[in-house]
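Okay, here's what each chain looks like letter by letter:
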Amino acid sequence: MVRALGLPFDPIERAGETWEQRFGPAAAMRAATSVFRVQQILLARFDEVLRPHGLTFARYEVLVLLTFSRTGQLPLKVIGSRLMVHPTSVTNAIDRLVAAGFVDRRPNPADGRGVLAGITERGRAVVEVATGELTALDFGLGDLPEAELDTLFRVLRRVRLGAGDVAEGAVEGG
């Protein structure tokens, strides 16, 4: 868990004040720095919930994605594109999930060189428990009301769209 710092001032706000004196407008710097700090906080909260199950958030995401698939299995390259991570990260996550007995790996019959990852019953069971715990934690965002969560998603989605995460004209949720 990220330890509470209990600082008598907000270091990001203070840095913003100094930034403005030295470089100019600080709104973007404050926002970006806050996003990074919140990422640290959320990952620490997720780790606290997931570590006892032998999971990291990256491995948990793979398991959830496999539970969302019709057959419980997906090619590794599809996992990488859906989770927006490098193939090496997918391979590492799958290796760890296989070692834990949460996933099995098999050749992809549709692609002679490809590999399928399939969730096991043990993997499904750990997803159920971990998801219940993360949901009870409100995914670490319990300090925000639901309307603000929707707003936050929309604001951050615009940054993702600007970076090209989603093709121009893509259908939401499609």
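Residues numbered from 1 in each chain as written. Predicted model: local features only at pLDDT ≥ 70, side-chain atom pairs only at ≥ 80, totals over all residues. Heavy atoms only, no water.

Describing the overall build of the chain
Scanning the chain from terminus to terminus reveals 7 helices and 3 strands. Reading the chain from its N terminus to its C terminus gives the helix and strand order α-α-α-β-α-α-β-β-α-α. Counting only C-alpha atoms and orienting by the principal axes, one finds that the chain spans roughly 60 × 40 × 30 Å. Long-range pairs, those at least 24 residues apart, make up 51% of the contacts in the chain between residues at least 6 apart in sequence. For the chain, the exposed surface amounts to about 11,800 Å²; the carbon and sulfur share of it is 57%. (Helix = DSSP H or I, 4+ residues; strand = E, 2+ residues; numbered from the N terminus. Contact = heavy atoms within 4.5 Å. Areas by Shrake-Rupley, 256 points an atom, 1.4 Å probe, with all protein chains shown as cover.)

Considerations on the pairing of strand β3 (residues 111-119)
In terms of strand pairing, strand β1 (residues 73-75) meets β3 through 3 bridges, oriented antiparallel. If you follow P75 over to β3, its bridge partner there is L116. Where strand β2 (residues 103-108) lies against β3, 6 bridges are found, and the strand directions are antiparallel. Paired with P107 across the bridge in β3 is V115. (Pairing = 2+ DSSP bridges.)

Digging into the packing of helix α3 (residues 57-68) against helix α5 (residues 87-100)
For any two helices packed against each other, the geometry comes down to the angle between their axes and how far apart the axes lie. Across the interface, α3 lies against α5 with an axial gap of 10 Å and an inter-helix angle of 80°. In this view, α3 runs roughly perpendicular relative to α5, as classed from their interaxial angle. Residue-level inspection shows R59, V62 and L63 of α3 in contact with α5, the latter providing A93, I94, R96 and L97. Residues that form the contact of α3 with α5 fall into these classes: 5 nonpolar, no polar and 2 charged. (Axes fitted to C-alpha atoms, helices over the stretch in contact; angles between N-to-C directions. Parallel < 35°, antiparallel > 145°, perpendicular 65-115°, else oblique. Nonpolar A, V, L, I, M, F, W, Y, C, P; charged D, E, K, R; others polar.)

Looking at a nonpolar patch on the surface
On the surface, a cluster of nonpolar side chains totalling about 350 Å² of accessible area is made up of V35, L144, L152, V155 and L156. A total of 3 residues in the nonpolar patch trace back to one element, the largest contributor, which is helix α7 (residues 146-162). (Patch = residues over 30% accessible without salt bridge, like charges linked within 9 Å, V, L, I, M, F, W, Y side chains within 5 Å. Salt bridge = Lys/Arg side-chain N within 4 Å of Asp/Glu carboxyl O.)

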